[in-house]
Amino acid sequence: MELHTIEQASHDVVAGRIAEAVKQNGPFVGGIQLIQTSNPEFTFSVAFIVFINWWSRPFPWPMDEALIGPLVETGCEMLSSGGAGYDFVDIKYLTTKGVYYANTPKMPALRTADSTAMMILQALRGSSEREADARAGKWFDPSKPLAKDARCSTLGIVGMGNIGKLVSGHMQHFGMKVVYHNRNRLPPNEENGAEFVSFEELLVRSDVISLHCPLNEGTRHLFNKQVFNRMKDDMIIVNTSRGAVIDEDALVEALNSGKVLRAALDVYEFEPKIHSGLIASPRTTLLPHAAVANETFEKDQQMEILLNLETFIRTGEPVNAVNRI
Ligand SMILES: O=C(O)C(=O)CO
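The paragraphs below set out a description of the structure included in this document. Residue positions are given per chain, counted from 1 along the sequence in the order it is written. Reporting in this predicted model follows two pLDDT cut-offs: at least 70 for local features of residues, and 80 or more for side-chain atom pairs to be given and counted; totals over whole chains, interfaces and linings ignore these cut-offs and use all residues. As a rule here, side-chain values cover all heavy atoms of the structure and leave hydrogens and water aside.

## A few points about helix α10 (residues 248-257)
Listed in full, the buried residues belonging to α10 are E248, A250, L251, V252, A254 and L255. Contacts are assigned to residue pairs with any non-hydrogen atoms lying within 4.5 Å of each other. The secondary structure listing takes helices from DSSP runs of H or I that are at least 4 residues long and strands from runs of E that are at least 2 residues long, numbered from the N terminus. Close packing links the buried residues of α10 with α9 (225-230), β10 (235-239), β11 (260-265), α11 (276-280) and β12 (284-286). The N-capping residue of α10, defined by a side-chain oxygen 3.1 Å from the backbone nitrogen of D249, is D247. G258 occupies a position one or two residues after α10 and carries a positive phi of about 90°. Classification of residues uses two cut-offs on accessible area relative to the type maximum, computed with a 1.4 Å probe and protein chains only: under 20% is buried, over 50% is exposed, and between them is partly exposed. In the analysis that follows, any N or O atom pair within 3.5 Å is treated as a polar contact, provided that within protein one partner can donate a hydrogen and the other can accept it, and provided that, for residues neighboring in sequence, both atoms belong to side chains.

Spelled out as structure tokens, the structure:
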């Protein structure tokens, strides 16, 4: 089947908006194409959007009618963009218009899980603070809390999807006991040694809590002042999901009061801004939404986008549709 780019006019409308957003918000790496088959039996058109730089947020927030409306109005039936999260996309609008939105859940999973494992170990060991001391010419300070032992610690995973499951496996190799909370309990053959618990039980049993749930109205500020107060003292929180799952003001307060011993974060409530209290705390490990970014992610991401495109053309439904039409 021959594919070719058409509807240059509407493409330019969207491209114009992107150019405007880039001017205001910084570089955007990627492209947008409207494609339609030349086969008259296939009259649909699809958009293929590559957002490969989460680090240029807030662009393309929000991916709403104002941004993609002109594209949708051309008869576009499927949007596929890079990345697992789609909290920035107006899925309701797309569904109303009969447009599929497809994500790329495989590409970020292993990379994010590897980075999460690294961050859990860093937080258990307090390595950021030790490194800051070393860089400042100070030797090992025995008055600072010693590293926590993974083998004596329980990891609580919130959200047991692709990434949560991989993190569970990684950390059990380091001797951690794993409990998890998810909307639904996994089938026993998928639990792989992790124990399903209620959210409340997870809070009181976990030495480290790692977040792997999507951001939606049910999870926004899931970790707030009241929730921090119900946790174990001296606990550690790790977040590589979405920043707004945590109320950052409450986290800074909990770090300052000592309730939370350490936090390791890749994502923030107001990206690309990092709360000044998190930067000021010696007990945080901070990455600039980089958990996924390694040398190979772009190629894998593009292959997953193309797979969405291919299955849509073959079957009428992309392989990773997040909405039902
Ligand atoms: O895949 C995503 O949505 C990411 O944010 C990668 O870190």
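## Quick word on the nonpolar core
Take the buried Ala, Val, Leu, Ile, Met, Phe, Trp, Tyr and Cys residues and link them wherever side-chain atoms come within 4.5 Å; each set so joined is a nonpolar core. Judged by nonpolar contacts, the single largest core of 29 residues is most densely connected at I209, F223, F228, M231, I237 and L251. At the level of elements, α8 (199-205), β9 (208-211), α9, β10, α10 and β11 are the ones that each hand at least two residues to this core. Here the element with the most residues in this core is α10; it accounts for five residues. If sequence neighbours within four positions are ignored, F223 has contacts with V158, F199, L203, I209, L211, F228, M231, I237, V245, I246 and D247. A109, A113, A117 and L124 belong to the second-largest nonpolar core, a separate cluster that totals 23 residues.

## Concerning the environment of K299
Structurally, the position occupied by K299 is in helix α12 (residues 297-315). Its relative accessible area of 60% is what places K299 among the exposed residues. When the C-alpha atoms of K299 and G98 are compared, they prove to be 29 Å apart, with 201 residues separating the residues in sequence.

## With respect to unusual backbone geometry
You will see that N192, though not glycine, has its phi angle at about 45°, which is positive. Here N192 lies in the loop between α7 (188-191) and β8 (195-196). Of the residues examined, N192 reaches a relative accessible area of 60% and is grouped as exposed. In this structure, H221 takes a positive phi of about 55° despite not being glycine. Tracing the backbone shows H221 in the loop between β9 and α9. Residue class for H221 comes out partly exposed when judged on its relative accessible area of 27%.

## A short note on the site of the ligand
Here a residue is considered near a molecule or strand provided that any single heavy atom belonging to it is located within 4 Å of it. G83, A84, G85, R242 and H289 are the nearest of the eight residues found near the ligand. Separating an oxygen atom of the ligand from a side-chain N or O atom of R242 is a distance of 2.7 Å. Look at the ligand: alone it shows 230 Å² of surface, and the protein chains cover 95% of it. Under the scheme applied, nonpolar residues are Ala, Val, Leu, Ile, Met, Phe, Trp, Tyr, Cys and Pro; charged residues are Asp, Glu, Lys and Arg; polar residues are all the others, including Gly. Residues of the shell around the ligand, tallied by class, amount to four nonpolar, three polar and one charged. Computed with the Shrake-Rupley method and a 1.4 Å probe, the accessible areas treat only the protein chains shown as cover for residues.

## Digging into the sheet that holds β11
Within the open sheet, the seven strands sit side by side as β8-β7-β6-β9-β10-β11-β12. Their pairing is parallel. Here the strands that pair on one side only, and so sit at the sheet edges, are β8 and β12. Packing against the sheet, helix α6 (residues 162-173) makes contact with β6 (154-158) and β7 (177-181), and its axis sits at approximately 170° to β6. Axes here mean lines fitted to C-alpha atoms, for a helix over just the part in contact, with angles spanning 0 to 180 degrees between N-to-C directions. Across the sheet, α10 touches β10, β11 and β12, and the angle it forms with β11 is around 135°. When DSSP finds at least two bridges between two strands, those strands are taken to pair.

## Section: the packing of helix α4 (residues 106-125) against α12
Following both chains from N to C, one finds α4 and α12 inclined at 150°, their axes separated by 8 Å at the closest point. Comparing their axes, α12 and α4 come out roughly antiparallel. Residues K106, M107 and R111 of α4 pack against F297, D300, Q301 and E304 of α12. Here the residues of the contact of α4 with α12 are counted per class, giving two nonpolar, one polar and four charged. If an angle is under 35 degrees, it is roughly parallel; if it is over 145, roughly antiparallel; if it lies from 65 to 115, roughly perpendicular; otherwise it is oblique.

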